[in-house]
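Descriptive analysis of the structure
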Amino acid sequence: DFRSDVYALGVILFELVAGRPPHDIARRSLPDAIRVIRDGTPLRLGAVLPACRGDLDTIAAKALERDKHRRYQSAAELGADLERFLSNRPIAARPPSAAYQFRKFASRNKAIVAGASIAVASLLTGFVVSTIQSTRATRAAAKSEQVAALLKGMIGGINPVVAQARDTTLLNDIVDSAAKDLATSLRDQPEVEGEL
(Lines give C-alpha, C1' and ligand atoms only; values in the text may rest on other atoms or scores of the structure.)
Protein backbone atom coordinates (compact mmCIF):
# COMPACT_ATOMS: atom_id res chain seq x y z
CA ASP A 1 0.00 0.00 0.00
CA PHE A 2 1.02 3.65 0.28
CA ARG A 3 3.25 2.86 3.26
CA SER A 4 5.52 0.97 0.86
CA ASP A 5 6.00 4.29 -0.89
CA VAL A 6 7.01 5.81 2.44
CA TYR A 7 9.56 3.01 2.87
CA ALA A 8 10.91 3.69 -0.63
CA LEU A 9 11.15 7.40 0.17
CA GLY A 10 13.03 6.49 3.35
CA VAL A 11 15.52 4.44 1.31
CA ILE A 12 15.97 7.37 -1.10
CA LEU A 13 16.47 9.77 1.82
CA PHE A 14 19.03 7.43 3.38
CA GLU A 15 20.94 7.05 0.09
CA LEU A 16 20.89 10.81 -0.62
CA VAL A 17 22.31 11.65 2.78
CA ALA A 18 24.61 8.66 3.45
CA GLY A 19 25.62 7.84 -0.11
CA ARG A 20 24.75 4.17 0.38
CA PRO A 21 21.60 2.06 0.89
CA PRO A 22 20.38 1.20 4.40
CA HIS A 23 20.88 -2.55 3.77
CA ASP A 24 24.05 -4.20 2.47
CA ILE A 25 22.68 -6.05 -0.57
CA ALA A 26 25.35 -5.21 -3.15
CA ARG A 27 26.69 -8.75 -3.79
CA ARG A 28 23.60 -10.77 -2.93
CA SER A 29 21.23 -12.69 -5.11
CA LEU A 30 17.73 -11.26 -5.55
CA PRO A 31 16.05 -13.75 -3.13
CA ASP A 32 18.81 -13.20 -0.58
CA ALA A 33 18.53 -9.40 -0.94
CA ILE A 34 14.75 -9.61 -0.43
CA ARG A 35 15.26 -11.70 2.71
CA VAL A 36 17.80 -9.19 4.08
CA ILE A 37 15.43 -6.27 3.45
CA ARG A 38 12.38 -8.13 4.84
CA ASP A 39 14.03 -9.64 7.93
CA GLY A 40 17.07 -7.46 8.59
CA THR A 41 17.26 -4.21 10.47
CA PRO A 42 18.34 -1.27 8.33
CA LEU A 43 21.39 0.70 9.37
CA ARG A 44 20.79 3.86 11.35
CA LEU A 45 21.70 7.02 9.48
CA GLY A 46 23.53 8.26 12.58
CA ALA A 47 25.66 5.09 12.62
CA VAL A 48 26.83 5.76 9.05
CA LEU A 49 27.18 9.53 9.49
CA PRO A 50 27.59 10.63 13.14
CA ALA A 51 26.75 14.21 12.11
CA CYS A 52 23.21 13.01 11.25
CA ARG A 53 22.42 11.72 14.74
CA GLY A 54 19.27 13.21 16.16
CA ASP A 55 16.18 14.28 14.28
CA LEU A 56 17.25 13.34 10.75
CA ASP A 57 18.28 9.88 11.97
CA THR A 58 14.89 9.52 13.71
CA ILE A 59 12.98 10.57 10.57
CA ALA A 60 14.88 8.10 8.39
CA ALA A 61 14.42 5.30 10.94
CA LYS A 62 10.67 5.89 11.12
CA ALA A 63 10.38 5.89 7.31
CA LEU A 64 12.38 2.62 7.17
CA GLU A 65 10.48 0.93 10.01
CA ARG A 66 9.79 -2.76 9.23
CA ASP A 67 6.37 -2.64 10.85
CA LYS A 68 4.23 -0.64 8.42
CA HIS A 69 1.94 0.52 11.25
CA ARG A 70 4.88 2.28 12.92
CA ARG A 71 5.99 4.03 9.71
CA TYR A 72 4.77 7.42 8.58
CA GLN A 73 1.23 6.85 7.36
CA SER A 74 1.73 8.96 4.24
CA ALA A 75 4.38 10.69 2.20
CA ALA A 76 2.81 13.97 3.36
CA GLU A 77 3.60 13.10 7.01
CA LEU A 78 7.20 12.30 6.06
CA GLY A 79 7.44 15.56 4.11
CA ALA A 80 5.96 17.56 6.99
CA ASP A 81 8.51 16.09 9.41
CA LEU A 82 11.34 16.89 7.00
CA GLU A 83 10.07 20.48 6.75
CA ARG A 84 9.95 20.72 10.56
CA PHE A 85 13.52 19.38 10.70
CA LEU A 86 14.71 21.94 8.14
CA SER A 87 13.04 24.80 10.02
CA ASN A 88 14.49 23.58 13.35
CA ARG A 89 11.11 22.82 14.91
CA PRO A 90 10.22 19.69 16.92
CA ILE A 91 9.48 16.69 14.70
CA ALA A 92 6.46 14.40 15.09
CA ALA A 93 8.56 11.22 15.01
CA ARG A 94 10.13 12.04 18.38
CA PRO A 95 8.26 12.09 21.71
CA PRO A 96 7.57 15.73 22.65
CA SER A 97 9.56 15.97 25.89
CA ALA A 98 9.94 19.38 27.50
CA ALA A 99 13.74 19.28 27.22
CA TYR A 100 13.59 18.43 23.51
CA GLN A 101 11.09 21.19 22.79
CA PHE A 102 13.17 23.70 24.78
CA ARG A 103 16.32 22.75 22.82
CA LYS A 104 14.44 23.31 19.57
CA PHE A 105 13.06 26.64 20.81
CA ALA A 106 16.54 27.70 21.96
CA SER A 107 18.12 26.85 18.61
CA ARG A 108 15.44 28.89 16.78
CA ASN A 109 15.54 31.84 19.21
CA LYS A 110 19.18 32.18 20.19
CA ALA A 111 18.99 35.91 20.97
CA ILE A 112 16.02 35.54 23.33
CA VAL A 113 17.57 32.58 25.13
CA ALA A 114 20.93 34.35 25.39
CA GLY A 115 19.25 37.47 26.81
CA ALA A 116 17.24 35.45 29.31
CA SER A 117 20.36 33.52 30.33
CA ILE A 118 22.27 36.76 30.89
CA ALA A 119 19.39 38.16 32.93
CA VAL A 120 19.20 35.04 35.12
CA ALA A 121 22.98 35.00 35.54
CA SER A 122 22.91 38.70 36.51
CA LEU A 123 20.16 38.10 39.07
CA LEU A 124 22.03 35.16 40.57
CA THR A 125 25.26 37.15 40.68
CA GLY A 126 23.47 40.08 42.34
CA PHE A 127 21.91 37.73 44.89
CA VAL A 128 25.25 36.13 45.73
CA VAL A 129 27.04 39.49 46.00
CA SER A 130 24.30 41.00 48.19
CA THR A 131 24.34 37.92 50.44
CA ILE A 132 28.11 38.18 50.84
CA GLN A 133 27.90 41.93 51.57
CA SER A 134 25.09 41.36 54.07
CA THR A 135 27.16 38.72 55.86
CA ARG A 136 30.16 41.05 55.99
CA ALA A 137 28.02 43.93 57.28
CA THR A 138 26.53 41.72 59.99
CA ARG A 139 29.99 40.61 61.10
CA ALA A 140 31.27 44.22 61.09
CA ALA A 141 28.27 45.36 63.16
CA ALA A 142 28.84 42.58 65.69
CA LYS A 143 32.52 43.50 65.92
CA SER A 144 31.67 47.19 66.40
CA GLU A 145 29.21 46.33 69.15
CA GLN A 146 31.87 44.29 70.94
CA VAL A 147 34.41 47.14 70.69
CA ALA A 148 31.82 49.68 71.87
CA ALA A 149 30.88 47.46 74.83
CA LEU A 150 34.53 47.12 75.79
CA LEU A 151 35.10 50.90 75.56
CA LYS A 152 31.97 51.62 77.59
CA GLY A 153 33.23 49.22 80.23
CA MET A 154 36.62 50.94 80.29
CA ILE A 155 35.07 54.38 80.58
CA GLY A 156 32.79 53.13 83.33
CA GLY A 157 35.91 52.16 85.24
CA ILE A 158 36.58 55.88 85.95
CA ASN A 159 33.60 55.98 88.28
CA PRO A 160 34.97 56.91 91.75
CA VAL A 161 33.11 54.02 93.33
CA VAL A 162 34.80 51.55 90.96
CA ALA A 163 38.20 53.33 90.99
CA GLN A 164 38.30 53.15 94.85
CA ALA A 165 40.24 56.40 95.38
CA ARG A 166 42.97 55.62 92.87
CA ASP A 167 44.45 58.40 90.78
CA THR A 168 42.20 58.75 87.75
CA THR A 169 43.12 62.28 86.68
CA LEU A 170 44.76 61.11 83.44
CA LEU A 171 41.72 59.05 82.53
CA ASN A 172 39.43 61.97 83.40
CA ASP A 173 41.42 64.22 81.05
CA ILE A 174 41.18 61.62 78.24
CA VAL A 175 37.42 61.22 78.75
CA ASP A 176 36.88 65.00 78.88
CA SER A 177 38.82 65.43 75.64
CA ALA A 178 36.88 62.64 73.97
CA ALA A 179 33.57 64.15 75.15
CA LYS A 180 34.47 67.45 73.46
CA ASP A 181 35.34 65.59 70.21
CA LEU A 182 32.04 63.70 70.28
CA ALA A 183 30.05 66.85 69.64
CA THR A 184 31.89 67.50 66.37
CA SER A 185 32.88 64.04 65.11
CA LEU A 186 29.48 62.38 65.63
CA ARG A 187 27.25 65.34 64.72
CA ASP A 188 25.46 63.28 62.00
CA GLN A 189 25.06 60.22 64.23
CA PRO A 190 23.07 61.24 67.29
CA GLU A 191 22.31 57.65 68.36
CA VAL A 192 26.00 56.73 68.48
CA GLU A 193 26.84 60.01 70.23
CA GLY A 194 24.12 59.38 72.86
CA GLU A 195 25.32 55.80 73.42
CA LEU A 196 28.90 56.92 73.99
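For the structure itself, consult the block above.
Described below are features of the structure shown in this document. Everything numeric in this text was worked out from a predicted model, so none of it was measured.

Our focus in this paragraph is the overall build of the protein. Per the secondary structure count, the protein includes 10 helices and 0 strands. Along the chain direction, N to C, the helices and strands of the protein fall in the order α-α-α-α-α-α-α-α-α-α. Here the protein holds 196 residues, and 20% of them are scored as buried. Sequence-distant contacts in the protein: of pairs separated by 6 or more residues, those separated by 24 or more amount to 43%. For the protein, the exposed area adds up to about 13,900 Å²; of that, 61% sits on carbon and sulfur atoms.

If you look at the biggest cluster of nonpolar residues, it comprises 18 residues, and the most contacted ones within it are Leu45, Ile59 and Tyr72. Listed by contribution, the elements that provide at least two residues to this core are helix 1 (2-18) and helix 4 (55-63). Looking at this core, the element that brings in the most residues is helix 1, giving 6 residues.

Positive phi, close to 60°, is recorded for Asn88, a residue that is not glycine. Within the element layout of this structure, Asn88 appears in the loop between helix 5 (75-86) and helix 6 (98-108). By relative accessible area, which is 26% here, Asn88 ends up partly exposed.

Opposite charge on two side chains permits them to pair, given that their charged atoms come into close proximity. Under the criterion given, the structure shown has 8 salt bridges. Close ionic contact of Asp32 with Arg28 constitutes a salt bridge, the shortest N to O distance being 3.1 Å. Relative accessible area serves as the criterion here: at 22%, Asp32 is assigned to the partly exposed category. Between Arg84 and Asp81 there is a salt bridge, and its shortest N-O distance comes to 2.9 Å. Here the residue Arg84 and the residue Asp81 both occupy positions in helix 5, the gap between them amounting to 3 residues, near one helical turn. One continuous salt-bridge network, built from bridges that share partners, spans Arg28, Asp32 and Arg35.

The class for Asp81 is buried, based on a relative accessible area of 0%. Asp81 has contacts with Ile59, Tyr72, Ile91, Ala92 and Ala93, leaving out every residue within four places of it along the chain.

Below, the discussion takes up a nonpolar patch on the surface. A contiguous nonpolar patch, built from Leu9, Ile12 and Leu16 and spanning about 300 Å² of accessible area, is present on the exposed surface. Within the secondary structure, Ile12 sits in helix 1.

The rules behind each value
Residues numbered from 1 in each chain as written. Predicted model: local features only at pLDDT ≥ 70, side-chain atom pairs only at ≥ 80, totals over all residues. Heavy atoms only, no water. Helix = DSSP H or I, 4+ residues; strand = E, 2+ residues; numbered from the N terminus. Buried < 20%, exposed > 50% of the residue type's maximum accessible area, 1.4 Å probe, protein only. Contact = heavy atoms within 4.5 Å. Areas by Shrake-Rupley, 256 points an atom, 1.4 Å probe, with all protein chains shown as cover. Core = buried A, V, L, I, M, F, W, Y, C linked by side-chain atoms within 4.5 Å. Salt bridge = Lys/Arg side-chain N within 4 Å of Asp/Glu carboxyl O. Patch = residues over 30% accessible without salt bridge, like charges linked within 9 Å, V, L, I, M, F, W, Y side chains within 5 Å.

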